[in-house]
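# Observations on the three-dimensional arrangement
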Amino acid sequence: MELNELERFALEMLFKDSALFYRAIQENLATATVIEREFTGVGFFSTIQFLEPLPDLLSSPQRDWNFLYPGMSHGGSFMGWRESDNTIGLEGVSHIGAWPTETDVAKFSKA
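What comes next concerns the included structure. (Residues numbered from 1 in each chain as written. Predicted model: local features only at pLDDT ≥ 70, side-chain atom pairs only at ≥ 80, totals over all residues. Heavy atoms only, no water.)

### Regarding the overall build of the protein chain
On a plain count of helices and strands, the protein chain comes out with 2 helices and 6 strands. Helices and strands in the protein chain line up, N terminus first, as α-α-β-β-β-β-β-β. Against the globule reference of 13 Å for 111 residues, the protein chain gives a C-alpha radius of gyration of 13 Å, in line with a compact fold. Here the C-alpha coordinates of the protein chain stretch approximately 40 × 25 × 20 Å along the principal axes. Out of the 111 residues in the protein chain, the part that is buried amounts to 44%. Contacts spanning at least 24 positions in sequence make up 61% of the contacts within the protein chain whose residues lie at least 6 apart. (Helix = DSSP H or I, 4+ residues; strand = E, 2+ residues; numbered from the N terminus. Rg over C-alpha atoms; globule rule 2.2 N^0.38 Å. Buried < 20%, exposed > 50% of the residue type's maximum accessible area, 1.4 Å probe, protein only. Contact = heavy atoms within 4.5 Å.)

### A word on helix 2 (residues 19–28)
For helix 2, the full list of buried residues reads Phe21, Ala24, Ile25 and Asn28. In an axial view of helix 2, the angular spread of the buried residues amounts to 100°, which keeps them on one side of the axis. Exposed and facing more than 90 degrees away from the buried side of helix 2 are Ala19 and Glu27. Looking at the buried residues of helix 2, the elements they touch are helix 1 (5–15), strand 4 (72–84) and strand 5 (87–94). (Arc of directions from axis to C-beta.)

### Brief notes about the side chain of Asn28
Note that Asn28 resides in helix 2. When neighbours within four sequence positions are excluded, Asn28 is seen to be in contact with Phe50 and Glu52.

This is the structure in structure tokens:
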């Protein structure tokens with residue numbers, strides 16, 4: 001499956017402060033595929049596979065980005081972690097309540 005706009009956005013927000021890792025993700029997004037995607041009602045899980053191995057994360061093995069979004073009273077969080085040398089686990093979750101049925105990445109803001 002192709003990455004959707006929300007998955008691309010979440011990856012950008014999660015890894016933009018890790019220059020080497022971020023650059024590798026950006027350079028390989030066009031060929032990345034989603035090998036698993038599950039909607040949970042309060043968010044989603046995705047497993048994203050890259051054709052090339054990604055560099056090691058130099059700091060925390062998991063990243064998170066807390067956000068505010070219209071209609072989500074307490075916002076939510078994107079979390080990403082390296083599952084193998086070429087896969088990333090990605091999760092989006094609402095802190096309280098349901099995940100919106102449709103999202104617009106332009107409406108997300110840092111919490």
